[in-house]
Amino acid sequence: MASLFTNLNFTPISHSSTPTQTRFLLHSSIHPKTPTPFASILCSSVTRPNYIPNRIPDPRYVRVLDTTLRDGKPSPGASMTSKEKLDIARQLSKLGVDIIEAGFPASSKDDLQAVKIIAQEVGNAVDENGYVPVICGVARCNKKDIDAAWEAVKYAKRPRISTFIATSEIHMEFKLKKTREEVVETARSMVRYARSLGCDDVAFNPEDAGRSDRKFLYQILGEVINAGATTVNVPDTVGYTVPDEFGQLIADIKANTPGIENVIISTHCHNDLGLSTANTLAGACAGSRQVEVTINGIGERAGNASLEEVVMALKCRGEQVFGGLYTGINTRQIVMSSKMVEEYSGLHVQPHKAIVGANAFAHASGIHQDGMLKHKNTYEIISPEDIGLQRSNESGIVLGKLSGRHALKTRLSELGYDIDGKELDGLFWRFKAIAEKKKNITDDDLKALVSDVVFQPQVVWKLGDVQVTCGTLGLPMATVKLIDADGEEHIVCANGTGPVDSAYKAVDHIVKVPVTLLEYSMNAVTEGIDAIATTQVLIRGDNNHTSTKASEETVCHAFSGTGAGMDMVVSSVRAYINALNKMLGFRNQPELKVKAGNLML
């Protein structure tokens, strides 16, 4: 990768543009004669180029397409309700992504409805700078899929249809069972059909481009450009390529595809060999001006290129290595976006994950600590504040049992959480209950409470009380009181192998929905005997609550739930009920079968 980046020659760039929107760029306030200490880089407001589907006024600007809600969702355990999808879309808008790939509308009526709601609400929320994200729906190259995508996204101020068909020999022969000529004709006619519906922004994706014949790629991309495509995306669908190879692929497409100067080149890299971020950056160096990424890098198999990694690499090294490339991402929203996706998807961020992992800004080595105490830039190339991570208490407030709502809201705001209204009320009373038992409430305690109170599904069942007896002298027993949506209380006693098992069996007796507990984990978020415990569970319904994929396979969804509390049993029950609420909220959603195809680009 290093050889590719250092050998690329960047041509002189005109700095003229027609700015109407705000973006964020790092700059240093250090004297220009001194080396740039990256950790002291600050955020300043500059301009985001006008959105034109097939052209970017500033050739240094890189569009960010987030596909968390489409390609990130297939991750095992990552089932999301429509409300959660909408919440994430709103957060992606705060993050400043250029395009939200909101889903695959033809896959189910629920996905179509979710994309439509996102298009209506998030796709029309224009901010004071004129920014509003493009809302994109994915479709295979057939009229039924394209009609569904257009029906979902047409309500947005800036709608986009993204259609795809496989172009590698192995996919065409064994999956599609089509000749090259048939694939080209299908792609050309379907792009033309999408444009005929009134959609002025159409992207085309040659699936498995990384393993496709170069000359065939030039041919099919030229045909879809002539048919009206405004963006051509180059997916490394199975994460097969390495950075030099992928960068050369983009360069070759740029040099040999008829009409390529009239469209945006995009990249979509998977992480099967751990190279998705490196390949994405190599593609940008070679001329792509749109990157397709997901929050936390979630996605099929080993995941997708990580938004936070790609964006911060461009932000940290853009001027020195990447020829001045930049994005419009408000990086101070990265931590909040990461946390929300982690909670809603149920997919834990590994501690050593770049940028957003718990250890990303932790320094344990004595040598490193010594360097940090002398000068932070010795071991930090990025300031944690630049991604919305607050390491110090800016307000000087120490939260405890005497603290009020204003103090709590202020500290939450410093931590990057914009919480108000009923959510703040619910969080405040949970905070007061914890504060009665703990002398001081830490930032980690607050984050756990936010996860437990704010990032939760619509309430079907609410925990009233739980009481357990256990130990070596008697049979473990749990009494649980749940409150249903009508306010009616239900109380059941049950016994099991331990306090948590007993409590879960009591819940099952009340809810009367058969489930299998797939995963159970617990962590203490702070040190000490009074630490708050966070529990995460993954459940699967044992009845017919299944989701139909495009391959006509029916599979049981897995649903995650989290809970937090100083009592580990209470924390465990909260997590279990939250998972049940998510499943029950999802169970009656209508489904629409569609025929064979692969949703993975």
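- Under the annotation held in an unreviewed UniProt entry, the protein chain carries the name 2-isopropylmalate synthase and is attributed to Camellia sinensis.
- Under the UniProt heading Sequence similarities (unreviewed entry), the note attached to the protein chain is "Belongs to the alpha-IPM synthase/homocitrate synthase family. LeuA type 1 subfamily."
- For the protein chain, the Function (unreviewed entry) comment in UniProt is given as "Catalyzes the condensation of the acetyl group of acetyl-CoA with 3-methyl-2-oxobutanoate (2-oxoisovalerate) to form 3-carboxy-3-hydroxy-4-methylpentanoate (2-isopropylmalate)."

1. Brief notes about the pattern of salt bridges
Then step 1. Here the structure, examined in full by the defined rule, presents 31 salt bridges.
Then step 2. Glu101 is the partner of Arg70 in a salt bridge, and the nearest nitrogen-oxygen pair spans 3.0 Å. Of the two residues, Arg70 is situated in the loop between strand E3 (63-66) and helix H2 (82-95) and Glu101 in strand E4 (residues 99-103); the sequence distance between them amounts to 31 residues. The pair Arg70 / Glu101 is uniform in exposure class, with both members buried.
Then step 3. For Asp201, the salt bridge identified is with Arg160, shortest N-O distance 3.2 Å. With Asp201 in the loop between helix H6 (180-196) and strand E7 (202-207) and Arg160 in strand E6 (residues 159-166), this residue pair connects regions lying 41 residues apart in the sequence.

2. Some remarks on unusual backbone geometry
Then step 1. Backbone geometry places Lys177, a non-glycine residue, at a positive phi of 55 degrees.
Then step 2. Mapped onto the secondary structure, Lys177 falls in the loop between helix H5 (169-176) and H6.
Then step 3. Judged by its relative accessible area of 64%, Lys177 is exposed.

3. Focus: the packing of H2 against helix H3 (residues 109-121)
Then step 1. Interhelical geometry of H2 versus H3 gives an angle of 35 degrees and a closest axis separation of 10 Å. For the element pair H2 and H3, the recorded crossing hand is right-handed. Listed contacts from H3 to Ser82, Lys85, Leu86, Ala89 and Arg90 of H2 are Asp110, Asp111, Ala114, Ile117, Ile118 and Glu121.
Then step 2. Of the residues in the contact of H2 with H3, the class split is five nonpolar, one polar and five charged.

Cut-offs applied
- Residues numbered from 1 in each chain as written.
- Predicted model: local features only at pLDDT ≥ 70, side-chain atom pairs only at ≥ 80, totals over all residues.
- Heavy atoms only, no water.
- UniProt positions renumbered as here; feature names shortened; annotations may be inferred.
- Salt bridge = Lys/Arg side-chain N within 4 Å of Asp/Glu carboxyl O.
- Helix = DSSP H or I, 4+ residues; strand = E, 2+ residues; numbered from the N terminus.
- Buried < 20%, exposed > 50% of the residue type's maximum accessible area, 1.4 Å probe, protein only.
- Axes fitted to C-alpha atoms, helices over the stretch in contact; angles between N-to-C directions.
- Left-handed = near helix turned anticlockwise from the far one by under 90°.
- Contact = heavy atoms within 4.5 Å.
- Nonpolar A, V, L, I, M, F, W, Y, C, P; charged D, E, K, R; others polar.

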